[in-house]
Number of protein chains: 2
Amino acid sequence: MSLSKFHKLAIIVAIPIIIALFSPPTGLHPVAWYLFGIYLATIVGLILKPYGEPVILLTAVAISGAIIGNVEGATALVKVGNTLDGYKSSTTWLIFTAFTLSSAFVITGLGKRIAYHMIRAMGHTTLRLGYVTMFLDLLLSPATPSNTARSGGIIFPIINSVAVALGSDPETSPKKAGRYLMMNVYMVVKTTSYIFLTAMAPNALALSLMAPILGFELNWINWFIAASVPGLLCLILIPLVCYFVSPPEMKKVNNEEIARKGLEQLGPISFKEKALAILFIIALFGWIFSGALHINATIVSLIIMVACIILNIVSWDDILKGKAGWNTLIWYGGIIGMSGVLDKAGFFKWLADVLGNVLSFEGHANIALIVLLLVSVSVRYLFASGGAYVAAMVPVFATVGKVVGAPAELLTIGLLFSNAYGGSVTHYGGGPGPIAFGAGYNDIKSWWTAGAIVAFGSLLIHCTIGLSWWNFLINLNII
Amino acid sequence: MSLSKFHKLAIIVAIPIIIALFSPPTGLHPVAWYLFGIYLATIVGLILKPYGEPVILLTAVAISGAIIGNVEGATALVKVGNTLDGYKSSTTWLIFTAFTLSSAFVITGLGKRIAYHMIRAMGHTTLRLGYVTMFLDLLLSPATPSNTARSGGIIFPIINSVAVALGSDPETSPKKAGRYLMMNVYMVVKTTSYIFLTAMAPNALALSLMAPILGFELNWINWFIAASVPGLLCLILIPLVCYFVSPPEMKKVNNEEIARKGLEQLGPISFKEKALAILFIIALFGWIFSGALHINATIVSLIIMVACIILNIVSWDDILKGKAGWNTLIWYGGIIGMSGVLDKAGFFKWLADVLGNVLSFEGHANIALIVLLLVSVSVRYLFASGGAYVAAMVPVFATVGKVVGAPAELLTIGLLFSNAYGGSVTHYGGGPGPIAFGAGYNDIKSWWTAGAIVAFGSLLIHCTIGLSWWNFLINLNII
């Protein structure tokens, strides 16, 4: 958007004012109507970004608090303090605490070390380097909810330096290897991001926004089980798709040499790396068996965060300096609180009633489900950030789905995953995109082509194999 | 403390383990007993400080979460998620958001500008400079809950440079002016800190820890009304007390010259300073009339924080870099959550029952009140941080006071204030202490002498004039 900051602000401020000038629709309490205006302005704010997400959310929370206290009868529905509820949300804290693990992989160099070992073991063709990228990303993904840190901070620098080492230059010889490798880095992360609840920050956000509307929860291990079959299938195909769209001119790779140099630079493995590897395994163990251990995923993540500090893998100062974590704490806590007060004020119930009178898919619930997933992937490319998309669209899709009778479990799962792969199309559809694209190897046309194939191919796989798999799991009471 | 980190950790870890080895006392649920062990270890951790406060609190929250999930029958009393409740507490958020105003005064230079104007207007003797310090601190205090930022970041640098300009050198001529001025800086801030709810971070913390036990709340304006008479009286006396204990050899001051140079260095007043001054007035207005405006103090503070960012007085990046704010968010949220789960698990009720069988002040409730205040001031000097003292002692004093029948309102008010002036004695009794003492002008003997006079003199004033004033306010239903 090339609007000036002033114009952006004017638009954002105008939204709730214009909405407030209309009287609330019948059946909706005035406070819900005003809060809806704030929420809409917030989402437009997240898209136009006159300020960063945390500032926009804090503004929204502040104004909502002032409104709730001043609308007659509002406090019977919702309290001023509810605006801050998102800051005690286990979702917010899961993401915030797991950011420590993301940065630990970057800070200690363990991520790079694993990458070079993988390159040595299996990277002797360009195509296989694509698979190295995929396995590496998948391996790290359960403990790196900052997919920007995972892809942009660990995988991108390595694969970029590999491309350079192969003699592929962004200006003169992008097609030699770099174009393929970079495109693949992005397409892969958009798929690993939905395999685990903790593989991308907006996952937990989407789940916590949908759960009150659709009444369906997924814990860490069930999330993985649901994602495994369609997700791993897509993952296996992605390096091939990229290879087909952007075939690298160079086929053979001197992987031994690249790995040797890289590992030499890293030096011998440190205590911190070993300790991190062990904590990573404990975290996985804790998330997988969180039910049996009576410890929820957030507490597991918090324990691992604290252990990282006590074992000196990262310092508290490192955490203070990790701006991404604090930004996420503030903005996720804010948006979860905002959506919570909107819900308490009766907005989503009212919206469902209204939509129920308009929409009708009587007897075609499954068609409605597929239409919703198709729409979700189609509109996803309008959003530069998965978080903004989730805040804006997920509650709407969930409400519509509920109204038209789409099966709650299938809709929840389908939407949770489409948020990630739906972002594949564009080179700006998430944090890692601009980084990989910014290396300069890629052209928009081949990127968007591959992205469209990945996004709509994934949709196809999810709507066929995915739906069958989820139905199977639901029928067996596994999830 | 000169214990090694390892020894500190060993002590802290041993506490909850030893407690858990004993079976819970009759009438106390096992989960409350284990949580008490964690709470005690937390407080010892806050005192020994093997890590910063946030790390200690996050560890406590993590372990508490794991314990609550794993003690049979615990979840009937308290939920795992309750450990995070402190992060939605309006107390935590009031302090966190008001930190922005503290740093805005430092960043924009407005604090310094006001100081130089005051020096010009009334600082033509050393004694009057002591009063300049006092008025300046009092003026800034309502909007600077970081009293370290207020005293250490604004007042200390100015008064220190004034001492240097007066030719008072820490090595050769400390008694010329510096010794008096520095001592006065500290004694003053320990008193302004209890005049306003928002004048020191632990104020709101102490209030939120006592309220569930004693059932008495104080809003922003009532806090000020209660503190005004004894507090302002103490404030007026403090520069005289310091003057008496450490008489400066230099009496006359060329204040015009100092102010001229200082203001010259600052240059003309900027837009940011003007905007901050207006926001400061709006904040005061909001806090004073928060009842009539239906906006609680936290929302006022959040609105001002957001306005500071939008008007570019401070940037979000400044806030991200302000480590003190984030540290406070994490550790206050943590300790409020910890105290909350202890309360929910029935610990304070049980403690009150046990103490009720032991203690007896039958018919002497007012004596009990005065004894408690005396004890509170006496033990305060053991604690380097007001926050640690509050977390450790305030719930205990409140419980004891309740048991022995001390009047809840008077006890609450008395303890809220003694937390601040009780820290006057030592040069380490709060953030600003080491800064002012560290300038090198002072000796421990005269500092502690003045500190003891201020602490116990304040106690005397509070137990006489203070109690009468509070009784008067309560009888008239003003607070």
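Residues numbered from 1 in each chain as written. Chains lettered and ligands numbered in written order. Predicted model: local features only at pLDDT ≥ 70, side-chain atom pairs only at ≥ 80, totals over all residues. Heavy atoms only, no water.

Okay, the overall build of chain A next. Looking only at helices and strands, chain A features 22 helices and 0 strands. Expected size for 479 residues packed as a compact globule is a radius of gyration near 23 Å; at 23 Å, chain A falls within 12% of this value. Here chain A, with 479 residues, has 59% of them falling under the buried criterion. A separation of at least 24 residues holds for 79% of the contacts in chain A among residues at least 6 apart in sequence. On chain A, the mean spot of the 27 positive side-chain charges and the mean spot of the 19 negative ones are 5 Å from each other. (Helix = DSSP H or I, 4+ residues; strand = E, 2+ residues; numbered from the N terminus. Rg over C-alpha atoms; globule rule 2.2 N^0.38 Å. Buried < 20%, exposed > 50% of the residue type's maximum accessible area, 1.4 Å probe, protein only. Contact = heavy atoms within 4.5 Å. Lys, Arg positive; Asp, Glu negative; His and termini not counted. Charge placed at Lys NZ, Arg CZ, Asp CG, Glu CD.)

Taken together, Val229, Leu233, Ile236, Leu237, Leu240 and Ile465 of chain A make up a surface patch of nonpolar side chains, about 440 Å² in accessible area. Mapped onto the secondary structure, Ile465 of chain A falls in helix α22 (residues 444–475). (Patch = residues over 30% accessible without salt bridge, like charges linked within 9 Å, V, L, I, M, F, W, Y side chains within 5 Å. Areas by Shrake-Rupley, 256 points an atom, 1.4 Å probe, with all protein chains shown as cover. Salt bridge = Lys/Arg side-chain N within 4 Å of Asp/Glu carboxyl O.)

The next subject is the confidence of the model for chain A. All names here are of chain A. Chain-level statistics for chain A give a pLDDT mean of 92 and a share of 99% at 70 or above. Mean pLDDT across the elements of chain A ranges from a minimum in helix α21 (residues 432–438), with 85, to a maximum in helix α10 (residues 220–245), with 97. Our summary of model confidence lists the complex with pTM equal to 0.90 and ipTM equal to 0.89. (pLDDT = per-residue confidence, 0-100.)

Attention now moves to the environment of Pro248 of chain B. Residue and element names in this part refer to chain B. Mapped onto the elements of the fold, Pro248 is located in the loop between α10 (220–245) and α11 (255–266). Classification of Pro248 by relative accessible area gives buried; the value is 1%. Considering only alpha carbons, one finds Pro248 and Lys323, 75 residues apart in sequence, at a separation of 37 Å. Contact partners of Pro248, with chain neighbours within four places excluded, come to Thr126, Lys175, Lys176, Ala177, Tyr180 and Tyr243.

Of the transformation superimposing chain A on chain B, the axial component is 0.0 Å and the angular component is 180°, with the fit at an RMSD of 0.0 Å. The superposition of one copy onto the other is thereby described by a two-fold rotation axis. When the interface residues of chain A are mapped onto chain B, 100% of them are again interface residues, pointing to one common binding face. (Least-squares fit on C-alpha atoms with pLDDT ≥ 70 in both.)

Here we come to the packing of aromatic side chains. Enumeration over the complete set of coordinates arrives at 47 aromatic pairs over all chains. Measuring from ring centre to ring centre gives 4.9 Å for Phe96 of chain A and Trp326 of chain A, while their planes differ by 55°; the resulting arrangement is tilted. Of this pair, Phe96 of chain A sits in helix α4 (residues 90–108) while Trp326 of chain A sits in helix α16 (residues 323–344), and the two are 230 residues apart along the sequence. Among the residues examined, Phe96 of chain A registers a relative accessible area of 3% and is labelled buried. In this structure Trp326 of chain A comes out as buried when scored by relative accessible area, which is 0%. Taken together, the ring pairs connect Tyr87, Trp93, Phe96, Trp316 and Trp326 of chain A together with Tyr87, Trp93, Phe96, Trp316 and Trp326 of chain B into an aromatic cluster. (Phe/Tyr/Trp six-rings, centres within 6.5 Å; stacked < 30°, edge-to-face > 60°.)

Let us now look at the pattern of salt bridges. Summed over all chains, the structure comprises 22 salt bridges over all chains. The residue Lys88 of chain A makes a salt bridge to Asp85 of chain B at a minimum N-O spacing of 2.5 Å. One end of the pair, Lys88 of chain A, is in the loop between α3 (53–70) and α4; the other, Asp85 of chain B, is in the loop between α3 (53–70) and α4 (90–108), on a second chain. Here Lys323 of chain A makes a salt bridge to Asp317 of chain B, at a shortest N to O gap of 3.1 Å.

This part is about the interface of chain A and chain B. Taken residue by residue, the interface counts 41 residues in chain A and 41 residues in chain B. When chain A packs against chain B, the two sides together hide about 3,600 Å² of surface, and 76% of this comes from carbon and sulfur. Considering only the side of chain A, the residues that lose the most area to chain B are Leu84, Lys88 and Trp316 of chain A, jointly responsible for 16% of the buried surface there. Our count for the contact surface shared by chain A and chain B stands at 4 salt bridges. Applying the counting rule to chain A against chain B returns 10 residue pairs in polar contact (both at pLDDT 80 or more). Broken down by secondary-structure element, the contributors of at least two residues to the side of chain A that touches chain B are α3, α4, α14 (297–310), α15 (316–321) and α16 of chain A. (Buried area = accessible area lost by both parts, 1.4 Å probe. Polar contact = N/O pair within 3.5 Å; in protein donor to acceptor, adjacent residues only side chain to side chain.)

Here we come to unusual backbone geometry. Residue and element names in this part refer to chain A. Phi is positive for Lys49, close to 50°, though the residue is something other than glycine. Relative accessible area serves as the criterion here: at 41%, Lys49 is assigned to the partly exposed category. Phi is positive for Asn312, which is not a glycine, with a value near 65°. Its place among the elements puts Asn312 in the loop between α14 and α15.

All right, on to the side chain of Ser290 of chain B then. Structurally, Ser290 of chain B can be placed in helix α13 (residues 290–293). Those residues in contact with Ser290 of chain B that lie beyond four places of it in its chain are Ile295, Asn296 and Ala297 of chain B.

Residues and elements named next belong to chain A. Residue placement: Phe99 occurs in helix α4. Considered as a pair, Phe99 and Thr192 are 93 residues apart in the sequence and their alpha carbons are 17 Å apart. Setting aside residues no more than four positions away along its own chain, Phe99 makes contact with Pro145, Ser146, Ala324, Gly325 and Thr328.

Right, let's get into helix α20 (residues 408–421) of chain B. All names here are of chain B. For α20, built from 14 residues, the straight-helix expectation of 20 Å at 1.5 Å per residue is met to within 8% by its first-to-last C-alpha distance of 20 Å. The buried fraction of α20 amounts to 12 of the 14 residues, a majority that puts the element mostly inside the structure. When we look at burial in α20, the residues that qualify are Leu410, Leu411, Thr412, Ile413, Gly414, Leu415, Leu416, Phe417, Ser418, Asn419, Ala420 and Tyr421. Considering only its buried residues, α20 is in contact with α8 (178–192), α9 (201–214), α10, α18 (365–380), α19 (386–403) and α22 (444–475). (Expected span 1.5 Å × (residues − 1).)

Attention shifts here to the side chain of Ser446 of chain B. Tracing the chain through its elements places Ser446 of chain B in helix α22. Look past the residues within four positions of Ser446 of chain B in its chain and what remains in contact with it is Arg179, Met183, Val245 and Ser246 of chain B.

To continue, consider the packing of helix α5 (residues 110–122) of chain B against α11 of chain B. Residues and elements named next belong to chain B. As a packed pair, α5 and α11 sit with axes 8 Å apart at the nearest point and diverge in direction by 160°. Between α5 and α11, the angle is such that the two are roughly antiparallel. In this structure, α5 crosses over α11, and the sense of that crossing is left-handed. Contact residues: α5 offers Lys112, Arg113, Tyr116, His117, Ile119 and Arg120, while α11 offers Asn255, Glu256, Ile258, Ala259, Gly262, Leu263 and Leu266. Across the contact of α5 with α11, the residue classes tally to 6 nonpolar, 3 polar and 4 charged. (Axes fitted to C-alpha atoms, helices over the stretch in contact; angles between N-to-C directions. Parallel < 35°, antiparallel > 145°, perpendicular 65-115°, else oblique. Left-handed = near helix turned anticlockwise from the far one by under 90°. Nonpolar A, V, L, I, M, F, W, Y, C, P; charged D, E, K, R; others polar.)

The next point concerns the packing of α4 of chain B against helix α16 (residues 323–344) of chain B. Residues and elements named next belong to chain B. Contact geometry of α4 with α16 gives a least axis separation of 9 Å together with a crossing angle of 175°. As judged from the angle between their axes, α4 and α16 are roughly antiparallel. Contact residues: Thr91, Thr92, Trp93, Ile95, Phe96 and Phe99 in α4; Ala324, Gly325, Trp326, Thr328, Leu329, Tyr332, Gly333 and Ile336 in α16.

Moving on: helix α17 (residues 347–358) of chain A. Residue and element names in this part refer to chain A. Taking 1.5 Å of rise per residue, the 12 residues of α17 would be expected to cover 16 Å, and the 17 Å separating its terminal C-alpha atoms lies within 8% of that figure. Residues Phe347, Phe348, Trp350, Leu351, Ala352 and Leu355 constitute the buried set of α17. For α17, the elements touching its buried residues are α2 (30–48), α9 (201–214), α16 and α19 (386–403).

Here we come to the environment of Asn203 of chain B. Residue and element names in this part refer to chain B. Secondary-structure assignment places Asn203 in helix α9. Those residues in contact with Asn203 that sit more than four places away from it in its chain are Ser193, Tyr194, Phe196, Leu197, Trp223, Leu416 and Asn419. In terms of polar contacts, Asn203 uses its side chain to reach the backbone carbonyl oxygen of Ser193, at 2.7 Å.

Let's shift gears to the state of the cysteines. Think of a disulfide as a covalent bridge from one cysteine sulfur atom to another cysteine sulfur atom. A complete count under the given rule lists 0 disulfides over all chains for this structure. We note that Cys463 of chain B lacks a disulfide partner, and the nearest cysteine sulfur, in Cys234 of chain B, lies 11 Å from it. (Disulfide = S-S within 2.5 Å.)

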